[in-house]
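This is what each chain is made of:
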Amino acid sequence: MNREIHEVLFSEEIIAQKVKELGNKITSDYQKQEELIVIGVLKGANIFLGDLVRQIQLSVYIDFMAVSSYGNSTFSSGIVRILKDLDLEIEGKHVLIVEDIVDTGLTLKYLTENLKSRNVASLKICSLLDKPFRRKCDLNLDYIGFEIPDAFIVGYGIDYAEKYRNLPYIATIKE
Ligand code: 5GP
């Protein structure tokens, strides 16, 4: 099954440790808020979100959005279509977007502007992985798990042609 895996970047244990740290930090930062709405971006953030919310010791509500970027699959065009919108009402709420990877940043730029226009009390971003050298817009990430170089990665929810989402680790794949 794993013929295309090149190198493991982050093991299951290292990821678990990082998710715990992020959960602790989020718990302490939102201590004064009564509740937090955590929004996962499908499908890649699903597994990260599932682990992260179990490390947050607050009253958490969970919702998901699905988006698709126009253009081809390897380059983000910045024009984003919402395939699934939120079920929860977020006006006046504290909202945390959970993402798997930020690359050009164009997807999240669009999403944050869209969600801010719904008059949230606050909006922050938590991404497990960040490729800062690929950024094409100004985007502030509030919580980052790991910075990674410009390589195509899979695992822990992140796919290649819908495969490898169930790998417990994060790895690069062969060209
Ligand atoms: P952005 O708009 O920041 O360029 O796009 C971010 C999205 O591109 C991520 O949510 C993810 O779906 C996809 N992406 C970026 N880098 C990678 C990667 O290395 N591997 C995979 N599988 N998807 C990636």
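See above for the structure.
Residues numbered from 1 in each chain as written. Predicted model: local features only at pLDDT ≥ 70, side-chain atom pairs only at ≥ 80, totals over all residues. Heavy atoms only, no water.

1. Let's talk about the side chain of Ser127
So, step 1. Structurally, the position occupied by Ser127 is in strand S6 (residues 122-130).
So, step 2. Owing to a relative accessible area of 0%, Ser127 belongs among the buried residues under this scheme.
So, step 3. Engagement of the side chain of Ser127 in a polar contact is seen with the backbone oxygen of Asp100, the distance being 3.5 Å.
So, step 4. Contact partners of Ser127, with chain neighbours within four places excluded, come to Phe48, Glu99, Asp100, Ile101, Val102, Tyr143, Ile144 and Gly145. (Helix = DSSP H or I, 4+ residues; strand = E, 2+ residues; numbered from the N terminus. Buried < 20%, exposed > 50% of the residue type's maximum accessible area, 1.4 Å probe, protein only. Polar contact = N/O pair within 3.5 Å; in protein donor to acceptor, adjacent residues only side chain to side chain. Contact = heavy atoms within 4.5 Å.)

2. Overview of the packing of helix H1 (residues 12-29) against helix H2 (residues 46-53)
So, step 1. Close contact between H1 and H2 brings their axes to 9 Å; oriented N to C, the two are set at 60°. Considered as vectors, H1 and H2 are oriented oblique to each other. Considering the relative orientation of H1 and H2, their crossing is right-handed. Contacts between H1 and H2 involve Val19, Leu22, Gly23 and Ile26 from the former and Phe48, Asp51 and Leu52 from the latter.
So, step 2. In terms of residue class, the contact of H1 with H2 is made up of 5 nonpolar, 1 polar and 1 charged. (Axes fitted to C-alpha atoms, helices over the stretch in contact; angles between N-to-C directions. Parallel < 35°, antiparallel > 145°, perpendicular 65-115°, else oblique. Left-handed = near helix turned anticlockwise from the far one by under 90°. Nonpolar A, V, L, I, M, F, W, Y, C, P; charged D, E, K, R; others polar.)

3. What to know about the site of the ligand
So, step 1. In the region of the ligand, 16 residues are neighbours, and Thr104, Gly105, Thr107, Lys131 and Asp159 sit closest.
So, step 2. Within the contact set of the ligand, an oxygen atom lies 3.5 Å away from a backbone nitrogen or oxygen of Ile101.
So, step 3. Within the contact set of the ligand, an oxygen atom lies 2.8 Å away from a side-chain nitrogen or oxygen of Lys131.
So, step 4. For the shell around the ligand, the secondary-structure elements that each account for two or more residues are strand S5 (94-102) and helix H3 (106-116).
So, step 5. The element that contributes the greatest number of residues to the shell around the ligand is S5, accounting for 4 residues.
So, step 6. Looking at the shell around the ligand residue by residue, the class counts come to 7 nonpolar, 4 polar and 5 charged. (Near = heavy atom within 4 Å.)

4. Details of unusual backbone geometry
So, step 1. Each neighbour pair has its own omega, and for Leu42 with Lys43 the value is -10°, a cis peptide bond.
So, step 2. In this fold, Lys43 is placed in the loop between strand S2 (36-42) and H2.
So, step 3. Notably, Tyr164 is not glycine yet its phi reads approximately 75°, a positive angle.
So, step 4. Following the sequence through the fold, Tyr164 ends up in the loop between strand S8 (153-154) and strand S9 (170-173).
So, step 5. Judged by its relative accessible area of 2%, Tyr164 is buried.

5. Let's talk about the pairing of S6
So, step 1. Counting buried positions along S6 yields 7 of 9 residues, so the element is predominantly enclosed.
So, step 2. As defined by bridge partners, S5 adjoins S6 across 8 bridges and the pair is classed as parallel. Opposite Ile97, over in S6, you have Ile125 as the bridge partner.
So, step 3. A crossover links S5 with its parallel partner S6, the connecting element being H3, and its sense is right-handed.
So, step 4. Across 4 bridges, S6 lies against strand S7 (residues 143-147) in parallel orientation. Counterpart to Cys126 in the pairing with S7 is Tyr143. (Pairing = 2+ DSSP bridges. Right-handed = clockwise from strand over helix to strand, strands pointing away.)

6. Overview of the sheet that holds S6
Each strand in a sheet pairs with its neighbour through backbone hydrogen bonds, running either in the same direction (parallel) or in the opposite one (antiparallel).
So, step 1. Read across the sheet, 6 strands follow the order S4-S3-S2-S5-S6-S7 without closing on themselves; strand pairing throughout is mixed. Each edge of the open sheet is held by one strand with a lone partner, namely strand S4 (80-84) and S7. For this sheet the average axis-to-axis angle between neighbouring strands, irrespective of direction, equals 30°.
So, step 2. Across 4 bridges, strand S3 (residues 60-69) lies against S4 in antiparallel orientation. If you follow Ser68 over to S4, its bridge partner there is Arg81.
So, step 3. Packed on one face of the sheet, H1 meets S2, S5, S6 and S7 and runs near 160° to S7.

None of this, on its own, says anything about what the molecule does.
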